Amino acid sequence: MAGNTFGRVFAVTSFGESHGPAIGCVVDGCPPGLALSAEDIQRDLDRRKPGTSRHVTQRQESDAVEILSGVFEGKTTGTPIALLIRNEDARSRDYGNLIDTFRPGHADYTYWQKYGIRDYRGGGRASARETAVRVAAAAIARKWLRETHGVLIRGYLSQLGPIEVPFKSWEAVGGNPFFSANPDVVAKLESFVDELRKSGDSVGARITTVAEHVPVGWGGPVYAKLDADLAGAMMSINAVKAVEIGSGFASVAQRGSEHGDELTPDGFVTNHAGGILGGISTGQDIVVTIGIKPTSSIRVPRRSIDKMGNPVMVETNGRHDPCVGIRATPIAEAMMALVLMDQALLHRAQNADVRTKTPKISASAKRTVSQGKKKPAVKNNPDPAEA
């Protein structure tokens with residue numbers, strides 16, 4: 001199976017299956033000298049891990065990370081960093097009825113047709129369990145980006161099923177199991193998901209991710225566009241079916257006089273472009289929104305076929321998220337971090353000595369937004385409150 005490595009300079013190769021002994025990854029290309037411990041990585045893993053509330057799968061995994069190589073005396077050495085997360089609570093018997101059948105909406109059918117062999121236990125490589133190692137690898141990238149460039153990457157749930165979640169504050173995101181930036185909506189979300197779980201069905205979600213303090217100039221034209229890399233990265237996440245950069249599909253109804261972000265000596269007036277023009281970062285907030293489909297493993301009986309092509313009814317039991325989007329915010333943040341890390345190192349390799357006399361106008365406007373204070377004439381839109 002090819003296709004398990006992500007990135008060009010900062011490259012992450014993942015391995016392992018949902019119900020195997022462990023999952024893990026090798027991170028190559030990390031600059032030497034970065035202070036790194038297991039605790040630095042564990043903080044992000046704990047935000048993603050299962051069993052954290054009644055609203056997600058009750059699989060109990062500590063997701064404790066082990067650093068096997070690439071760190072000496074508390075600092076990265078520049079050599080490959082191997083990370084391991086052991087599986088502790090797999091229940092393969094829950095998937096016994098899927099040995100010869102395929103779940104509608106899942107990768108069961110396509111894996112079988114492509115490889116002629118399939119790990120039916122939890123979906124194997126197709127399981128969202130694999131995303132834990134992305135979060136682990138991205139914790140390294142996030143720390144380097146923050147310490148080297150001041151880049152801050154945050155995300156929040158902007159819609160769950162039919163319930164839209166208007167942004168209120170970043171402070172609210174860590175105080176509930178949904179990563180909601182609006183505490184007033186949490187009770188409604190809880191009630192909705194409780195009923196959803198009882199019904200045995202599932203729904204999708206929308207996640208918005210914002211990167212602040214990204215320098216102007218990251219990314220490249222034509223085939224190396226930053227937004228193209230971000231779109232590909234987000235689409236690589238299990239169950240993601242749509243990606244928007246900035247205003248996204250809303251751009252269709254906008255006029256050019258509205259969508260084009262005007263420039264002033266104080267900063268960009270708007271940010272419909274989502275912080276990227278011509279595939280290159282503008283210095284504004286980078287805003288990416290993803291759409292996640294409903295969980296495929298549900299208790300509602302669905303029509304399918306067996307390996308011989310005979311019609312069957314499939315009902316998936318076991319422990320599953322009624323909405324995989326509930327735990328997806330740290331994953332979206334992780335993929336954005338991996339892309340930005342790769343692009344930062346690519347930029348450093350080719351363009352680190354480039355200087356222009358034109359001031360980087362977006363900086364002051366970006367700072368005022370991150371502090372919650374907008375200048376009267378300059379609005380860095382889409383602000384997370386409006387995304």
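Bear in mind the structure is a predicted one, so any value in this text is a computation, not a measurement. (Residues numbered from 1 in each chain as written. Predicted model: local features only at pLDDT ≥ 70, side-chain atom pairs only at ≥ 80, totals over all residues. Heavy atoms only, no water.)

K.L.:
Can you walk me through the nonpolar core in this structure?
P.N.:
As a rule of thumb, nonpolar side chains are buried together in soluble globular proteins. By size, the foremost hydrophobic cluster in this structure holds 70 residues, and its most contacted members are Phe10, Ile140, Ile286 and Leu340. It is helix 7 (residues 329–351) that contributes the most residues to this core, 12 residues altogether. Those residues in contact with Leu340 that sit more than four places away from it in its chain are Leu145, Val151, Ile153, Ala211, Val214, Trp218, Leu226 and Ile286. In terms of nonpolar packing, the next biggest core, distinct from the first, is built from 8 residues, Trp170, Val173, Val210 and Val287 among them. (Core = buried A, V, L, I, M, F, W, Y, C linked by side-chain atoms within 4.5 Å. Buried < 20%, exposed > 50% of the residue type's maximum accessible area, 1.4 Å probe, protein only. Helix = DSSP H or I, 4+ residues; strand = E, 2+ residues; numbered from the N terminus. Contact = heavy atoms within 4.5 Å.)

K.L.:
Would you take a moment to explain the side chain of Arg103 for this structure?
P.N.:
Examined against the element boundaries, Arg103 turns out to sit in the loop between strand 7 (81–86) and helix 2 (108–115). Take Arg103: its relative accessible area is 3%, and that puts it in the buried class. There is a polar contact of 2.7 Å between the side chain of Arg103 and the side chain of Ser297. (Polar contact = N/O pair within 3.5 Å; in protein donor to acceptor, adjacent residues only side chain to side chain.)

K.L.:
Just checking my understanding: could you explain the sheet that holds strand 10 (residues 205–212) for this structure?
P.N.:
Within a beta sheet, neighbouring strands are joined by backbone hydrogen bonds and run either parallel or antiparallel to one another. Spatial ordering of the open sheet is given by 9-8-10-16-11, a layout of 5 strands whose pairing is antiparallel. Each edge of the sheet is formed by a strand with only one pairing partner; in this case those strands are strand 9 (163–164) and strand 11 (240–245). Where strand 10 lies against strand 16 (residues 286–292), 7 bridges are found, and the strand directions are antiparallel. Residue pairing across strands places Ile207 opposite Ile290, the latter belonging to strand 16. Sitting on the sheet, helix 5 (residues 226–235) is in contact with strand 11 and strand 16, with an inclination near 155 degrees to strand 11. (Pairing = 2+ DSSP bridges. Axes fitted to C-alpha atoms, helices over the stretch in contact; angles between N-to-C directions.)

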